[in-house]
Amino acid sequence: MNKSAGSPFLRRLGRSPSAVAGLIIITFYVVVALFATWLAPYSAAGQNPKDRLQSPNSRYWVGTDEFGRDIFSRLMFGATNSLTVALISVSLAFAGGTLIGTISGYVGGWTDNVIMRLVDLMFAFPALLLALAIAAALGPGLRNTVIAIAVVYLPIFARVARGSVLLLKGLEFVEASRSLGVGHVRMIFRHILPNAIAPSLVQLSLAFSWAILTEAALSFLGLGTIPPNPSWGSMLSDSRTMMELAPWMAVAPGLAIMFCVLGFNLLGDGVRDILDPHLHLGKTPQ
Amino acid sequence: MRNYVFKRLLTLIPTLLGISVIVFLVMRLIPGDTISAMIGTQFKLTEAQAEAMRRYYGLDKSLPEQYGLWLSAAVQGDLGYSVRTGQPVLSEIIRRYPLTMELALVAMAIAVAVGIPVGLVSAIQRDTVLDYAGRLFALAGLAIPGFWMGTLIIYGLSVYLHILPNSGAYVEFAIDPAENLKQIIFPALTLGLAFSAAVMRTTRSALLEELNKDYARTARAKGHTERGVILRHCLKNALIPVITLIGLEAGYLLGGAIIVEEVFALPGLGRLLLNGINQRDYALVQGVILFIAFSFVVVNLLADLAYAVINPRVRYE
């Protein structure tokens, strides 16, 4: 066994059925998203009026929509869209939130107080409402959807990071480093941050599933991805007027969203079981 | 307890002020000229007219001054007028609010009624077919987006049962309870699904944890039946995290309701908000967001107080 496979975290992840199932699903989506251009049998926007509203068949695996566009191909490009939004927004929220939370916890005092009151304020909104308000104010489009999702999720990472920093600050290795003359910047980036990130990993997977759901919801409401760019949410919204003629238009994008979210939730469950010893349940004596 | 309530009420004031600042600032993010945003782009104004409008609405003042004016009007119940209907924003909100509230409450009742029993059975029958079915239900519930489930429900009802759930206007509960519930039940199911999944998971893991604790083992050693251990000892403790979860998540139903109302074409606050956004009716949008956020805070406050009643440790911190 090589060294990386010997890492206890990865080894335990490999033994968690839910994490493995999640990773398989996510890998599948990522591959589709990355290579949609080559994998998709048709283009995302290519209209083919002669073939409109076809039910699933050997040429169009999931059928076509009212413009004769191949739904299967649009789902694949939709994966690119969804995962791009999720990846950028979660990265921003994770980086920004972790940094802010770490500094807040490390510096303490009134800086910490001000930052945490602001974070509390963000929690005073239902998350979806805040994302919706920001998306509505900025207007639809990829960049604005990313901003809306990132802003809403950032405080969650900030809170988690701050919590673990407060814990770490009191530990002996930090004290030891300080007595060796380690400066604040080096202390934060070399000693505190690497240790503070672990609890955020649990949040990371959940953040992805939330981002994907939110992007779909915003697009469903016409506030996310701008048509004709393919998004699972707007495809679902379009399907509503065609439902009785073409139910496959409503079924397919929903399945795509569901399995994607499921993948991230399963991975999140697996990671949480490993990192959060509180939830380790022994065998029930029955 | 009275002390705790008082302290908790005091923290409400800065929170509400903060919310109003955020809502105010978010609405100022809207690109372009506020006046044309306010009256719509179909009217062309001369520069003098636009200037007069700006002065009339106080838009020539600084941002903090504008905020102060807006806030002092808002606390007196004046949220401005809807540009589309000409009605005061607050009266529009109050007209739509009961529906959203009812939707959220019924959804919560469904979530509790489904989530807790399924969670209990899953925990008691751990690693049996029943448990796997329950866990599958929870996984699906958390992954199925409400707007998809709602769309499918409407499809199923209209195609297979030939009922259109949203045919006809919304009937208030006070006027015709049966008709009202018929209209509310499917949207509430849609809204409650994810919530019931969360309740189920928390119930299951909380009960499993309690069953493993020393006091449960002691009870077993004393000769209690497993049933007795669960019902007499563990259940009560296991429900505490469930109640916390319900309190924490209750407010989120208000956000979810926005989408469900849109799917089922119910004239609640969510639809009011979305229509306002589509019609660029900014006073309305601002008012509705503020109102929903305030309700959210109040719901969270009630949840905290309820929690303090159940768990005395909280009160003495």
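No experiment lies behind these values; they were computed from the predicted model shown.

Quick look at the overall build of chain A
Across its full length, chain A holds 10 helices and zero strands. Each helix and strand of chain A, placed in order from N terminus to C terminus, yields the pattern α-α-α-α-α-α-α-α-α-α. If you line up chain A on its principal axes, its C-alpha atoms span 75 × 50 × 40 Å. The 286 residues of chain A split such that 52% are buried. Carbon and sulfur atoms provide 68% of the accessible area of chain A, an area that totals close to 13,100 Å². Charge separation in chain A, taken as the distance between the mean sites of 20 positive and 14 negative side-chain charges, equals 8 Å.

Some words on the overall build of chain B
Assigned secondary structure in chain B consists of 14 helices and zero strands. For chain B, the succession of helices and strands along the chain, N to C, is α-α-α-α-α-α-α-α-α-α-α-α-α-α. Once the C-alpha set of chain B is aligned to its principal axes, its extents read approximately 90 × 55 × 35 Å. Taking all 317 residues of chain B together, 46% fall into the buried category. Considering chain B, the positive charge centre built from 27 side chains and the negative charge centre built from 23 side chains are found 8 Å apart.

Brief notes about unusual backbone geometry
For the peptide bond that leads from Pro227(A) to Pro228(A), omega is 5 degrees, which places it in the cis range. Despite not being glycine, Asp127(B) shows a phi value in the positive range, around 60 degrees. Relative to the elements of secondary structure, Asp127(B) occurs in the loop between helix H5 (89–124) and helix H6 (129–143). In this model, Ala265(B) sits at a positive phi of 50 degrees, which is unusual for a non-glycine residue.

Focus on helix H8 (residues 177–211) of chain B
When the terminal C-alpha atoms of H8(B) are compared, their 42 Å separation across 35 residues is substantially less than the 51 Å that a helix rising 1.5 Å per residue should span. The largest bend in H8(B) is about 40 degrees, located at Gly192(B).

Re the interface of chain B and chain A
Facing 50 residues of chain B, the contacting portion of chain A comprises 47 residues. For the chain B and chain A pair, buried surface summed over both sides reaches about 4,100 Å², with 74% attributable to carbon and sulfur atoms. Summed over the shared surface of chain B and chain A, the number is two salt bridges. Notably, a salt bridge pairs Arg201(B) with Asp269(A), separated by 2.7 Å at the nearest N-O pair. Between the two partners, chain B and chain A, sit two residue pairs in polar contact (both at pLDDT 80 or more). For the side of chain B that touches chain A, the secondary-structure elements that each account for two or more residues are helix H1 (2–27), H5, H6, helix H7 (146–160), H8, helix H11 (252–264), helix H12 (269–278) and helix H13 (282–310) of chain B. Looking at the side of chain B that touches chain A residue by residue, the class counts come to 34 nonpolar, nine polar and seven charged.

Focus on the nonpolar core
When a protein is soluble and globular, its nonpolar side chains tend to lie buried together. Ranked by internal contacts, the top residues of the largest apolar core, which has 155 residues, are Leu132(A), Leu223(A), Trp232(A), Ile19(B), Phe147(B) and Leu273(B). Once you skip the residues sitting within four places of it in the chain, Leu223(A) turns out to touch Leu132(A), Ala135(A), Ala136(A), Pro140(A), Thr145(A), Leu218(A), Leu274(B) and Ile277(B). Counting 10 residues, the second largest nonpolar core, distinct from the first, contains Tyr106(A), Val174(A), Met187(A) and Ile188(A).

Remarks on the packing of H5(B) against H6(B)
Residues and elements named next belong to chain B. At a minimum axis separation of 8 Å, H5 and H6 run at an interaxial angle of 145 degrees. The element H5 and its partner H6 pack so that their crossing is left-handed. Where H5 approaches H6, its residues Val 114, Val 118, Val 121 and Ser 122 are matched on the opposing element by Leu 130, Asp 131, Gly 134, Arg 135 and Phe 137.

Overview of the pattern of salt bridges
Following the criterion strictly, the structure yields 16 salt bridges over all chains and no others. Where Asp304(B) meets Arg8(B), a salt bridge forms, and the shortest distance between an N and an O atom there is 2.8 Å. With Asp304(B) in helix H13 and Arg8(B) in helix H1, this pair connects stretches of sequence that are 296 residues apart. Take Arg8(B): its relative accessible area is 18%, and that puts it in the buried class. Ionic contacts of the salt-bridge type, sharing partners, join the residues Asp269(A), Arg272(A), Asp273(A) and Arg201(B) into one network.

Comments concerning the confidence of the model for chain A
All names here are of chain A. Predicted confidence across chain A gives a mean pLDDT of 86, with 94% of residues reaching 70 or more. When mean pLDDT is compared element by element in chain A, helix H3 (residues 71–107) scores highest at 93, while helix H1 (residues 8–15) scores lowest at 80. Low pLDDT (under 50) marks residues 1–5, which in the prediction has four contacts with non-local residues, meaning those over four places away or in another chain. Throughout residues 279–286 the model reports pLDDT below 50, and contacts reaching past four residues in sequence, or to other chains, amount to 25 contacts.

Quick word on the environment of Gln286(B)
Residue and element names in this part refer to chain B. Of note, Gln 286 is situated in helix H13. As a C-alpha pair, Gln 286 and Gly 276 span 10 residues in sequence and 9.2 Å in three-dimensional space. The contacts of Gln 286, once residues within four sequence positions are left out, are Val 23, Phe 24, Met 27, Arg 28 and Trp 70.

Regarding a nonpolar patch on the surface
Residues and elements named next belong to chain A. Residues Val 30, Val 31, Leu 34, Phe 35, Trp 38 and Leu 39 make up a contiguous nonpolar surface patch of roughly 610 Å² in combined accessible area. Within the fold, Trp 38 resides in helix H2 (residues 17–39). Look at Trp 38 and you get exposed, because its relative accessible area is 68%.

Here we look at the packing of H5(B) against H11(B)
Residues and elements named next belong to chain B. The geometry of H5 relative to H11 is characterised by a closest axis approach of 10 Å and an angle of 110 degrees between their N-to-C directions. The angle between H5 and H11 falls in the class roughly perpendicular. Side by side, H5 and H11 meet where Thr 100, Leu 103, Ala 104, Ala 107 and Met 108 of the first sit next to Leu 253, Leu 254, Ala 257, Val 260 and Glu 261 of the second. The residue inventory of the contact of H5 with H11, partitioned by class, reads eight nonpolar, one polar and one charged.

Rules and cut-offs
- Residues numbered from 1 in each chain as written.
- Chains lettered and ligands numbered in written order.
- Predicted model: local features only at pLDDT ≥ 70, side-chain atom pairs only at ≥ 80, totals over all residues.
- Heavy atoms only, no water.
- Helix = DSSP H or I, 4+ residues; strand = E, 2+ residues; numbered from the N terminus.
- Buried < 20%, exposed > 50% of the residue type's maximum accessible area, 1.4 Å probe, protein only.
- Areas by Shrake-Rupley, 256 points an atom, 1.4 Å probe, with all protein chains shown as cover.
- Lys, Arg positive; Asp, Glu negative; His and termini not counted.
- Charge placed at Lys NZ, Arg CZ, Asp CG, Glu CD.
- Expected span 1.5 Å × (residues − 1).
- Bend = angle between axes of the 7 residues up to and from the residue.
- Contact = heavy atoms within 4.5 Å.
- Buried area = accessible area lost by both parts, 1.4 Å probe.
- Salt bridge = Lys/Arg side-chain N within 4 Å of Asp/Glu carboxyl O.
- Polar contact = N/O pair within 3.5 Å; in protein donor to acceptor, adjacent residues only side chain to side chain.
- Nonpolar A, V, L, I, M, F, W, Y, C, P; charged D, E, K, R; others polar.
- Core = buried A, V, L, I, M, F, W, Y, C linked by side-chain atoms within 4.5 Å.
- Axes fitted to C-alpha atoms, helices over the stretch in contact; angles between N-to-C directions.
- Left-handed = near helix turned anticlockwise from the far one by under 90°.
- pLDDT = per-residue confidence, 0-100.
- Patch = residues over 30% accessible without salt bridge, like charges linked within 9 Å, V, L, I, M, F, W, Y side chains within 5 Å.
- Parallel < 35°, antiparallel > 145°, perpendicular 65-115°, else oblique.

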